[in-house]
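A structural walkthrough
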Amino acid sequence: MNARVVIAEDAALFRAGLTRLIEDHGHRVCAAVGDGGALLAAVAKHQPDVVVADIRMPPTHTDEGLRAALEIRSQHPRTAVLVLSQYIETRYTSRLLEGNAAGAGYLLKERVADVAEFVDALERVATGGTALDPEVVGQLLRVSRRADGVAALTARERHVLALMAEGRSNAGIASALVVTGGTVEKHVASIFDKLGLPQDEADNRRVLAVLRYLSS
Amino acid sequence: MGLPVITPTTDPPPGSQTRARSPWAVARRAVVAPSTRRAGRELLFCLAGLPFAVVNPLVLFVLIVDMIWLVAGGGRGNPSPADMAIAGVCVGLLLVLLVSTTAARRLGSLQRVLAARLLGLRVAAPPSVRRRPGGRAWPGPGPRDGAGWRVVVYQLAKLPVGLIELYAVSLWIGGLVNLSYPLLWGAFRNHPPGVRLSPLPVFTPFGWFGDGTFRVATFPGTFAAAAAGAAMLLAAPWVTRAVTSVDAWLIRGLLGPGRLVQRVQDLELSRALAVDDSAALLRRLERNLHDGAQIRLATLAMNLGMAREKLGDGGEVPDAAAVRELVDAALRGAKDALGELRSLARGIHPPVLDNGLADALASLAADSAIPVELEVSIPVRPTPAIETIAYFCAAELLTNAAKHSFANKIAIRAAGHRDVLLLSVADDGTGGADPARGSGLSGLAQRVAVVDGRLTIASPPGGPTKTTVELPLRA
């Protein structure tokens, strides 16, 4: 695919590196800006496929990027949003994914070091999928009040559950675990059965179901 | 009061304190004293305060005894001990009522307003009583309101003071009346000769209406009265000033917040400052980490990630130049991140401070862009907290001087005198440092105030600037 990307990040070096990384992988960076206001303007102008936005930007240095992301998601539903942060903050992710996990992602900044994974997550989000940072999923699993439900799963199933929560498709899970698609399907069916969740085909709705289960 | 004193003025010009007052100037001052506005305001204060002197336990007691005596005994004989006992109880109950409702506090605040308007004496109001959880029967602060009782004590003391104030007022009036005698004589006493007139009584400070003093019966005699009046008018402002300063002293001591309460207020304030300061410090630290080392390391990881990807899984490297460039960038990033962390760590606690303030100040001086002359004599080592505050004060003041003063040299002095550490930073620059204009100075003053220290800035426009920080040796 060849996505059109807008980047919002206030640290100039990181912004430049991100631009280079994304362009190296065949996508086009339409604009790279340094704050929330400029991001909204750039999105309105370029109507990109996906936005990569830092959460903390000037002028308030709090959650500018997240608020801009939420506005983009309501104003420009066809633009996907991948939020980058230096924090494992499950409340940010639940605000971002509230009601609709399609075309949304939340990753820690250090994920860019694993270039292939990062580009995969970016492309997944750009095509309407979901990307949730493994650390955030881990945090959700740790603090989940549904600990008994999760405890009923086998270790392998827990791993599959985490990968599902990250937003991966069955094929993605299969390649990550180096197993066949059929095996993954069997695990997924077993997980949904044990947790009492309704089976759903679409990956992003599946993510929501899992997240809702973990945080309820 | 531990708050910073910030006086953006210079020292008085040399010689001003030792300037001798000529006898001529003293005489001139004495003559104009009665006509100054200050004397007028003090006189007004004496007059305005008189009604307050009536609200007095003793006066109330006498009034109530008389009332009981009139009602019960019909005004015959002397009041019986029982009458007095009842009156005493009544006065006690009245006082409790006065204190329990807000009446005593209102009385106090009225007199504080008078003192502020007429004497320019600003006394803070005592803190309002906090409602204790749980029901309370009193409509006001209750009978245990210390501030209310201190108003009662003030009222008690106000009786003798008020009488002297009345005396001061009588000096003014008597003086004026005496002074007008020659005129009065001319206007009303030009009777034909042979008419016998009763002599005029002359007011003097020593007796009223002629008792034990002198009377004048002739026109030339009125000039003697006028001279006495002039003397009284010359003395009146000084008597007024003396008695109003006693009153002011009482007001400061009894109508303001008590010394302990004041101290508690100061401590509450400085505790709030300390809490704010440490919260701000942590926020700044997090911000520096987030925007500094953390993002540099993320960038470095990204560069290495891209380089790793370009290296492939073995064999020929198609784009070795790009890889080299990325690794170079990562290396630079690592060095920058290290530098960032080092300065951050130094900002939290400079390691050299462990060797004492003298070493730390020397290292600051060595880093300064403007030449620094350093003089340290601290016989007793302060506690680490004080050393840290002193160090950061010196660092901030040096930075300020380097940024704004255009100075050619800076002198830092640190000296321990008994239990006080005195730190001064002086430069020969352009001056005009003003803590109100959002520089770091107000922050410094806050930090210093937390340990009951004082920050004094003398920085007239045009320079030089000298900032003195006074800190206790232990905190």
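As a reminder, the structure under discussion sits directly above these lines.
Residues numbered from 1 in each chain as written. Chains lettered and ligands numbered in written order. Predicted model: local features only at pLDDT ≥ 70, side-chain atom pairs only at ≥ 80, totals over all residues.

1. Considerations on helix α12 (residues 384–405) of chain B
We count it as follows: The helix and strand labels rest on DSSP assignments: H or I over at least four residues marks a helix, E over at least two residues marks a strand, and numbering proceeds from the N terminus. Helix span is expected to be 1.5 Å times the residue number reduced by one.
Spanning 22 residues, α12(B) covers 30 Å between terminal C-alpha atoms, matching the ideal 32 Å at 1.5 Å per step. With its phi angle positive at about 55 degrees, B:F406 sits one or two positions after the end of α12(B).

2. As for the sheet that holds strand β7 (residues 465–472) of chain B
Residues and elements named next belong to chain B. So the rule is basically this: For two strands to count as paired, DSSP must find a minimum of two bridges between them. Convention adopted: a line fitted to C-alpha atoms gives each axis, helices being fitted over their contacting stretch, and angles between N-to-C directions are expressed from 0 to 180 degrees.
Taken in spatial order, the five strands make up an open sheet running β3-β4-β5-β7-β6, and their pairing is mixed. The outermost strands of the open sheet, each flanked by one partner alone, are β3 (372–377) and β6 (454–458). Taken over all neighbouring pairs, the strand axes of this sheet differ in orientation by 10 degrees on average, direction set aside. Sheet analysis places β3 next to strand β4 (residues 410–417), joined by six bridges and oriented parallel. From the neighbouring strand, V376 faces β4, where its bridge partner is A414.

3. With respect to the sheet that holds strand β2 (residues 28–33) of chain A
Residues and elements named next belong to chain A. Where we set the bar: For every residue pair, C-beta atoms are placed from the backbone, and the pair is scored as a contact if these atoms sit within 7 Å.
Pairing is parallel across the open sheet formed by six strands, whose spatial order is β2-β1-β3-β4-β5-β6. Pairing within the sheet leaves two strands with one partner each, and these edge strands are β2 and β6 (130–132). With direction set aside, neighbouring strand axes in the sheet form an average angle of 20 degrees. For strand β1 (residues 4–8) and β2, the ladder comprises five bridges, and the chain directions are parallel. The residue of β2 that forms the bridge with A8 is V33. In this fold helix α3 (residues 64–75) packs onto β1, β3 (50–54), β4 (80–85) and β5 (104–108), with an angle of close to 170 degrees to the strand it touches most, β4.

4. Side note on the nonpolar core
As a rule of thumb, nonpolar side chains are buried together in soluble globular proteins. How we decide: Think of a nonpolar core as buried Ala, Val, Leu, Ile, Met, Phe, Trp, Tyr and Cys residues chained together by C-beta atoms that fall within 7 Å. With C-beta atoms placed from the backbone, a residue counts as buried when 20 or more other C-beta atoms lie within 10 Å of its own, as exposed when 12 or fewer do, and as partly exposed for counts between those limits.
Core analysis: the largest hydrophobic core is formed by 73 residues, its most contacted members being A:V51, A:V52, A:A53, A:L82 and A:V83. When neighbours within four sequence positions are excluded, A:A53 is seen to be in contact with A:A8, A:L39, A:G65, A:A68, A:A69, A:V81, A:V83 and A:L84.

5. Describing the packing of α3(A) against helix α4 (residues 90–97) of chain A
Packed helix pairs are characterised by how far apart their axes lie and by the angle those axes make with each other. All names here are of chain A. Selection rule: Every angle not falling under 35 degrees, over 145, or within 65 to 115 is termed oblique; those three ranges are roughly parallel, roughly antiparallel and roughly perpendicular. Note on convention: near helix rotated counterclockwise from far helix by under a right angle means a left-handed crossing. Clockwise means right-handed. Classes in brief: Ala, Val, Leu, Ile, Met, Phe, Trp, Tyr, Cys and Pro nonpolar; Asp, Glu, Lys and Arg charged; the others, Gly included, polar.
Contact geometry of α3 with α4 gives a least axis separation of 10 Å together with a crossing angle of 15 degrees. Classified by the angle their axes make, α3 and α4 are roughly parallel. Helix-helix and strand crossings are classified by hand; for α3 and α4 the assignment is right-handed. Across the interface between the two elements, L66, A69 and L70 from α3 touch Y92, R95 and L96 from α4. For the contact of α3 with α4, a count of residues per class yields five nonpolar, no polar and one charged.

6. Details of the environment of B:T383
All names here are of chain B. With respect to the helices and strands, T383 occurs in the loop between β3 and α12. On the neighbour-count criterion, T383 (14 C-beta atoms within 10 Å) is partly exposed. T383 sits 89 residues away from P472 along the chain, and the two C-alpha atoms are 9.3 Å apart. Those residues in contact with T383, other than ones at most four positions away along the chain, are R474 and A475.

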